[in-house]
Amino acid sequence: MTTTMVSTPPVDAHSWAEIDLAAVQHNFRRARHYAPDSRLCAVIKANAYGHGVEPIARALSNELRGGDCFAVATLAEARRVYQTLGLRDILILRGPVNAAELTEILATGFMWVMHSPWQAELLKAELAKGMVFQPLRIWVKTNTGMNRLGMSPQAFADIWPWLKNLPQQKSLTLMSHFATADEPDKPLAAAQLKNFYALADSVTLDPQTDGMSLSASAGILAWPSAQFSMCRPGIMLYGASPMVGEHGPAFGLQPVMNLKSRLVTINEVAAGDSIGYGATYHCQQDMRVGIIGIGYGDGYPRHAPSGTPVLIHAAGKVYEAPLAGRVSMDMLTVDLTGIPAVPGDEVLLWGQGWGSQLPAERIADLCQTIAYELFCQVTSRVKFIYQ
């Protein structure tokens, strides 16, 4: 994506995303509000969920307190954050994928997740070389029911005591991840919490050096009993709710990405005519159809159905207009019935603008996806404007 720090969209902007850095700071403080007794690990993987990792990391670094940190997925992402901030308090969630990565992680001093016994074997081999890596900062990830990354209770029973007995200075964090925290009525989350407690009880945790971390955004909002010493806010930092059926404003969250475009032209289409590829939309009456300069080539979801709303700022007011026909690579079409719009009027695809909000979760629900995907799939044709 192209980044710029101007406060208004360039005149040549095909489509643009206004990124509200004050909003991401506000949302971090909301996470602190919901988990007041926990340290926070701000998740900025995947280019800060598509928002631009360097400016997001800089903005959030002003909110960090002692013991807080960042989290990314890969070593390459950790390098990028380190180059931006010169900060080593970065957790690599996927951990090392080979011995070379582990060597670099240990030398650099990043925190990392050990989720598999083979990674413990890599660490044994590194330590056997006699090099001094201090402190070791390892998050030991266990499988409590997600069945993705995480070692079994049997493997954990062997590896945790070995780590505890290493002579190196170290900090260890017992970690797991909820599968259904966003749907509190499902029984799996409660079972995972029980399993997590059982794992903690099976070993001796040192409250001075060892930590526990189970909750990401959904756990922060819905499972206060699962917050422990460290929480990992992710999607909530970007203003979207992790909870099924809920929108960010319900939790005091503010949209960070405001995706915008403009009306390119307006057509008069006769009753009985069709609109767009596949001729899937048929006009029931004569209608004005607006052509908006954004499409799936910019990251707007191609499978957004007719009726999906956009907001149009026309004649000093804000109007909601529904999509009419399929999304194209560079354009989408909307029904302008009753809207006094003219070419050049600005359009909001999700986020907030002109005192109105269009939550990304609302668009995601209609597209049968999640806001995470909408944010992450915005392409390089979109100009990012940091405010």
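Before reading further, recall that the structure is shown in the block above.
In what follows, the accompanying structure is described.

Calculation rules
Residues numbered from 1 in each chain as written. Predicted model: local features only at pLDDT ≥ 70, side-chain atom pairs only at ≥ 80, totals over all residues. Heavy atoms only, no water. 1 Å grid on protein atoms, 1.4 Å probe; cavity = no way out; pocket = protein on both sides within 12 Å on 5 of 7 lines; lining within 4 Å. Points joined across faces, edges and corners; volume = space filled by probe spheres on them. Helix = DSSP H or I, 4+ residues; strand = E, 2+ residues; numbered from the N terminus. Nonpolar A, V, L, I, M, F, W, Y, C, P; charged D, E, K, R; others polar. Buried < 20%, exposed > 50% of the residue type's maximum accessible area, 1.4 Å probe, protein only. Pairing = 2+ DSSP bridges. Right-handed = clockwise from strand over helix to strand, strands pointing away.

Description of empty space enclosed by the protein
Okay, step 1: Scanning the model with the defined rule gives two cavities of 30 Å³ or more in all.
Okay, step 2: In this structure, the largest cavity spans a volume of roughly 80 Å³.
Okay, step 3: Looking at the largest cavity, it is lined by 15 residues, and the ones nearest its centre are Gly-239, Pro-255, Ala-360, Glu-361 and Phe-375.
Okay, step 4: Of all the secondary structure elements, the ones that give two or more residues to the lining of the largest cavity are strand E18 (346-353), strand E19 (356-358) and helix H10 (360-366).

A closer look at the layout of surface pockets
Okay, step 1: Empty space within the largest pocket amounts to approximately 860 Å³.
Okay, step 2: Together, 39 residues line the largest pocket, and Tyr-49, His-177, Ala-216, Ile-235 and Tyr-372 are the ones closest to its centre.
Okay, step 3: Every element with two or more residues in the lining of the largest pocket is listed here: helix H2 (45-50), helix H9 (217-222), H10 and helix H11 (371-376).
Okay, step 4: For the lining of the largest pocket, the class distribution of residues is 21 nonpolar, nine polar and nine charged.
Okay, step 5: Roughly 390 Å³ of internal volume is contained in the second largest pocket.
Okay, step 6: In terms of lining, the second largest pocket is formed by 21 residues, of which the most central are Arg-39, Ser-171, Thr-173, Thr-209 and Met-230.
Okay, step 7: Element by element, the count of residues in the lining of the second largest pocket is highest for strand E7 (residues 136-141), at three residues.
Okay, step 8: Partitioned by chemical class, the residues of the lining of the second largest pocket number eight nonpolar, seven polar and six charged.

Observations regarding the pairing of strand E4 (residues 69-72)
Okay, step 1: Here E4 shows two buried faces, one formed by Cys-69 and Ala-71 and the other by Phe-70 and Val-72.
Okay, step 2: Of the pairings in the sheet, the one linking strand E3 (residues 39-43) to E4 comprises three bridges and is parallel in character. When the bridges of E4 are listed, Cys-41 appears paired with Cys-69.
Okay, step 3: Note that E4 and strand E5 (residues 90-92) share three bridges and pair parallel. Paired with Val-72 across the strands is Ile-92, a residue of E5.
Okay, step 4: At this point the chain moves from E4, through helix H4 (residues 75-85), to the parallel E5, and the crossover so formed is right-handed.

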